[in-house]
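# Fold and geometry: a report
Each chain is listed here by its residues.
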Amino acid sequence: MPSYQLRDTATRRVLARGLADYAAAEAALDRLDDKLEHDLAANGEGAGRIRLRLDVEKVTDGAAEAVGHHVLLLGVDDCTDPLPAL
């Protein structure tokens, strides 16, 4: 039976493995995003931009196949207007 895992595409490091299905991989992505945002805030990091691309891989008989990817943008200021008011 296949399982799913998350891999950081920059480092090729597996961040989560043994996930039951794609929905479980999505839930793991959400938890990872929340944890990273929390850690950034705890360290006083809020402004700036951190881009993290993660592949969702389906693992069957030890062979991993990319079946999707997500890009997390962390620590981004949500300013709707980049120009100051006059």
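About the cut-offs
- Residues numbered from 1 in each chain as written.
- Predicted model: local features only at pLDDT ≥ 70, side-chain atom pairs only at ≥ 80, totals over all residues.
- Heavy atoms only, no water.
- Helix = DSSP H or I, 4+ residues; strand = E, 2+ residues; numbered from the N terminus.
- Buried < 20%, exposed > 50% of the residue type's maximum accessible area, 1.4 Å probe, protein only.
- Pairing = 2+ DSSP bridges.
- Axes fitted to C-alpha atoms, helices over the stretch in contact; angles between N-to-C directions.
- Polar contact = N/O pair within 3.5 Å; in protein donor to acceptor, adjacent residues only side chain to side chain.
- Salt bridge = Lys/Arg side-chain N within 4 Å of Asp/Glu carboxyl O.

## Notes on the side chain of Asp-55
On the secondary structure map, Asp-55 appears in strand 3 (residues 50–60). Asp-55 gets classed as buried once you look at its relative accessible area, which sits at 10%.

## Quick word on the sheet that holds strand 4 (residues 63–74)
What the four strands build is an open sheet, ordered 2-1-3-4; its pairing is antiparallel. The strands lining the two open edges of the sheet, one partner per strand, are strand 2 (14–19) and strand 4. Within the sheet, the average angular offset between the axes of one strand and its neighbour, ignoring direction, is 20 degrees. Bridge analysis of strand 3 against strand 4 gives eleven bridges, and the strand direction is antiparallel. Among the inter-strand pairings, Val-56 is bridged to a residue of strand 4, identified as Gly-68.

## Comments concerning the pairing of strand 1 (residues 3–8)
In terms of residue burial, strand 1 counts as a mostly covered element, since five of its six residues are buried. Pairing of strand 1 with strand 3 involves six bridges; the strand directions are antiparallel. Bridge pairing in strand 3 places Asp-8 opposite Leu-54. For strand 1 and strand 2, the ladder comprises three bridges, and the chain directions are antiparallel. Its bridge partner lying in strand 2, Tyr-4 is registered against Leu-19.

## Thoughts on the side chain of Gln-5
Within the secondary structure, Gln-5 is located in strand 1. A polar contact is formed between the side chain of Gln-5 and the side chain of Glu-57, at a distance of 2.6 Å.

## Section: the pattern of salt bridges
According to the stated counting rule, one finds five salt bridges in the structure shown. Across the salt bridge formed by Glu-57 and Arg-7, the nearest N and O atoms sit 2.9 Å from each other. Placement of the pair is Glu-57 in strand 3 and Arg-7 in strand 1, with a sequence separation of 50 residues. For the pair formed by Glu-57 and Arg-7, the shared burial category is buried. For Lys-35, the salt bridge identified is with Asp-39, shortest N-O distance 2.9 Å. Placement of the pair is Lys-35 and Asp-39 together in helix 1 (residues 22–42), with a separation of four residues, close to one helical turn. A relative accessible area of 28% means that Asp-39 is categorised as partly exposed.

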